[in-house]
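Descriptive structure summary
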Amino acid sequence: MRMPETPQIASGIPAADELKWMELALTLAREGVGLASPNPTVGCVIVRDNKIVGRGFHQYAQRDHAEVVALAEAGDASRGATAYVTLEPCSHYGRTGPCARALTEAGVARVVAATADPNPLVEGRGFAMLRSAGIEVSLGPLTAQARELNDAFAHFIRYRKPLVSLKIAATLDGAIAPPQQPKGTSFAITGAASRARVQELRHAHDALLTGIGTVLADDPLLTDRSQRPRRQRLLRIVLDSQLRLPLESRILENVADDLVIVTRSEDDARRQALTARGARVLKLDAQAEGGISLRALLQYLGEQEILSVLIEAGARLNHSALATDVVDKLYLFQSPRFLGPGSVPMLAGTPAARLPRLLRYSSELLDEDMLIAGYVRDPWEAALGLAHG
Ligand SMILES: [Zn+2]
């Protein structure tokens with residue numbers, strides 16, 4: 001039997017090798033999760049004669065972009081090399097010079113980028129700068145993975161507001177808690193693998209949003225316990241319209257500018273007591289139904305350069321986030337059991353005229369649980385338009 005020929009791309013490098021190098025660039029980029037925001041998460045691998053000569057990923061505090069870090073390691077070996085980058089190299093002067101110029105000056109012969117820049121104002125300029133310097137440029141592979149890694153950045157660069165993800169852990173009958181739960185005891189719906197994944201999700205987000213009901217019921221910490229480094233603490237946000245948060249709550253322990261209480265209350269004594277514990281108390285106007293306006297909150301968070309918000313809340317906030325159409329992405333952790341009638345449903349509140357559906361989703365087994373993850377809105381499609389597929 002004849003073996004099929006290895007597919008080759010124009011440069012003569014086998015497609016399987018291209019995939020391998022880009023996978024490595026993505027793995028490097030993921031090292032920057034928690035360290036790159038408010039910049040994009042980017043990884044770069046420089047390859048010459050089928051050998052890695054440089055690698056880099058972006059960390060905001062280190063200033064240098066992934067390409068510059070990788071070029072520094074490669075030194076003279078970057079002459080005639082191929083650079084695999086998870087995002088289009090930049091063409092602008094920000095805190096650093098443009099990476100497209102750095103690649104040109106280092107003598108790189110070819111640049112493979114997993115995706116174009118999601119900023120409609122600069123998209124394609126990095127590629128144009130490289131091509132005009134005689135560098136061969138190609139797009140892909142692993143475009144979908146590279147885009148998902150920077151979905152929050154793509155959203156923020158276009159709308160100046162964070163990407164909102166809703167996380168729900170539920171049973172087969174859609175319950176998030178048993179009928180009766182002793183105060184302050186949290187009931188684990190899902191297994192250890194799912195709970196570890198939730199910590200990874202917290203690590204990948206700039207902020208976590210919950211409601212006062214969840215804090216009163218579970219007394220959670222809501223911290224990032226992934227053990228991975230992050231540039232800024234996870235910003236915890238509690239919607240507490242009447243300022244009911246007890247001063248002995250665990251969430252008020254060791255606050256370091258990482259707790260925002262959002263309220264409509266005018267109670268100055270309560271406000272001062274919370275401020276004294278280190279919390280920021282933010283007063284927002286009510287929306288029509290009398291709850292706190294999530295859109296106003298997202299506007300505020302955008303102004304704080306918060307790129308991503310993870311909602312981990314109870315039935316009412318889950319429902320109002322979906323009903324007011326602020327959710328961009330859903331993570332549903334489903335456990336293989338029932339809780340039965342009378343348990344707490346994943347959604348509660350005034351029936352909504354319309355609830356969103358997922359555009360597309362993926363599913364994954366996490367030990368005994370199933371994770372269903374997908375977009376309600378894909379920020380890349382809005383950013384790059386349909387012409388890019
Ligand atoms: Zn750059």
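See the structure shown above.
Residues numbered from 1 in each chain as written. Predicted model: local features only at pLDDT ≥ 70, side-chain atom pairs only at ≥ 80, totals over all residues. Heavy atoms only, no water.

**Re the overall build of the chain**
On a plain count of helices and strands, the chain comes out with 12 helices and 16 strands. Taken over C-alpha atoms, the radius of gyration comes to 23 Å for the chain, in line with the 21 Å a tight globule of 389 residues would show. C-alpha extents for the chain along the principal axes are approximately 65 × 55 × 40 Å. Here the chain holds 389 residues, and 49% of them are scored as buried. Within the chain, contacts between residues separated by at least 24 positions form 71% of all contacts whose residues are at least 6 apart in sequence. By element, 52% of the accessible surface of the chain is carried by carbon and sulfur atoms, the whole surface being about 18,400 Å². Where the 44 positive side-chain charges of the chain centre and where its 44 negative ones centre are 1 Å apart. (Helix = DSSP H or I, 4+ residues; strand = E, 2+ residues; numbered from the N terminus. Rg over C-alpha atoms; globule rule 2.2 N^0.38 Å. Buried < 20%, exposed > 50% of the residue type's maximum accessible area, 1.4 Å probe, protein only. Contact = heavy atoms within 4.5 Å. Areas by Shrake-Rupley, 256 points an atom, 1.4 Å probe, with all protein chains shown as cover. Lys, Arg positive; Asp, Glu negative; His and termini not counted. Charge placed at Lys NZ, Arg CZ, Asp CG, Glu CD.)

**A look at the nonpolar core**
Among the nonpolar cores identified, the biggest contains 35 residues, and Leu209, Ile237, Leu239, Val262, Leu297, Leu301 and Ile311 are the most heavily contacted of them. Sorting the residues of this core by element identifies strand S6 (163–170), strand S8 (207–211), strand S9 (235–239), strand S10 (259–263), helix H10 (294–303), strand S12 (308–311), helix H11 (315–323) and strand S13 (329–334) as the ones contributing at least two each. If you tally residues by element for this core, the top one is H10, at 5 residues. When neighbours within four sequence positions are excluded, Ile237 is seen to be in contact with Ala207, Leu208, Leu209, Thr210, Val260, Val262, Leu297 and Leu301. (Core = buried A, V, L, I, M, F, W, Y, C linked by side-chain atoms within 4.5 Å.)

**Looking at the layout of surface pockets**
What the second largest pocket holds in volume is close to 1,200 Å³. In terms of lining, the second largest pocket is formed by 49 residues, of which the most central are Glu148, Leu149, Asp151, Lys329 and Tyr331. Among the secondary structure elements, those contributing two or more residues to the lining of the second largest pocket are helix H5 (143–149), helix H6 (151–159), S6, helix H7 (192–204), S13, strand S15 (360–366), strand S16 (369–375) and helix H12 (379–384). Among the elements that line the lining of the second largest pocket, the one with the most residues is H5, at 6 residues. Residue composition of the lining of the second largest pocket, by class: 19 nonpolar, 16 polar and 14 charged. (1 Å grid on protein atoms, 1.4 Å probe; cavity = no way out; pocket = protein on both sides within 12 Å on 5 of 7 lines; lining within 4 Å. Points joined across faces, edges and corners; volume = space filled by probe spheres on them. Nonpolar A, V, L, I, M, F, W, Y, C, P; charged D, E, K, R; others polar.)

**Side note on the sheet that holds S8**
Taken together, the 9 strands give an open sheet; going across it, the order is S11-S10-S9-S8-S12-S6-S13-S16-S15, and neighbouring strands pair in mixed fashion. Each of the sheet's edge strands pairs with one partner strand only, and the pair in question is strand S11 (280–283) and S15. Across this sheet, the average inter-strand angle for adjacent strands is 20°, counted without regard to direction. Pairing between S8 and S12: 3 bridges, direction parallel. Note on S12: the bridge partner recorded for Ala207 is Val309. (Pairing = 2+ DSSP bridges. Axes fitted to C-alpha atoms, helices over the stretch in contact; angles between N-to-C directions.)

**With respect to the coordination of the zinc ion**
The zinc ion binds to the protein through His65 (ND1), Cys90 (SG) and Cys99 (SG), with metal-donor distances spanning 2.0 to 2.3 Å. Each donor residue of the zinc ion lies on one chain, and together they are spaced H-x24-C-x8-C. Highlighted residues: His65 in the loop between strand S2 (51–57) and helix H2 (66–74) and Cys99 in helix H3 (residues 99–105), separated in sequence by 34 residues. (Donors = N, O, S within 2.8 Å, 3.2 Å for Na, K, Ca; no water.)

**As for the pattern of salt bridges**
Taken as a whole, this structure holds 20 salt bridges when the rule is applied. The residue Arg48 makes a salt bridge to Asp49 at a minimum N-O spacing of 3.9 Å. Ionic pairing is found between Glu105 and Arg101, a salt bridge with its closest N-O pair at 3.7 Å. Linking Glu105 with Arg101, this pair stays in helix H3, spanning 4 residues, or about one helical turn. The exposure class assigned to Glu105 is exposed, which follows from its relative accessible area of 53%. Residue Arg101 is classed as partly exposed on the basis of its relative accessible area, which comes to 36%. (Salt bridge = Lys/Arg side-chain N within 4 Å of Asp/Glu carboxyl O.)

**Here's the deal with the side chain of His203**
Tracing the sequence through the fold places His203 in helix H7. Overall, His203 belongs to the buried group, its relative accessible area being 1%. Filtering out sequence-adjacent residues up to four positions away, His203 remains in contact with Val33, Gly34, Asp224, Ser226, Arg228, Pro229 and Arg230.

**Topic: empty space enclosed by the protein**
Applying the stated rule across the entire model yields 1 cavity of 30 Å³ or more. In this structure, the largest cavity spans a volume of roughly 40 Å³. As for the largest cavity, its lining consists of Glu88, Pro89, Cys90, Ser91, His92, Asp117, Val122 and Gly126. Among the residues making up the lining of the largest cavity, the classes are represented as 3 nonpolar, 3 polar and 2 charged.

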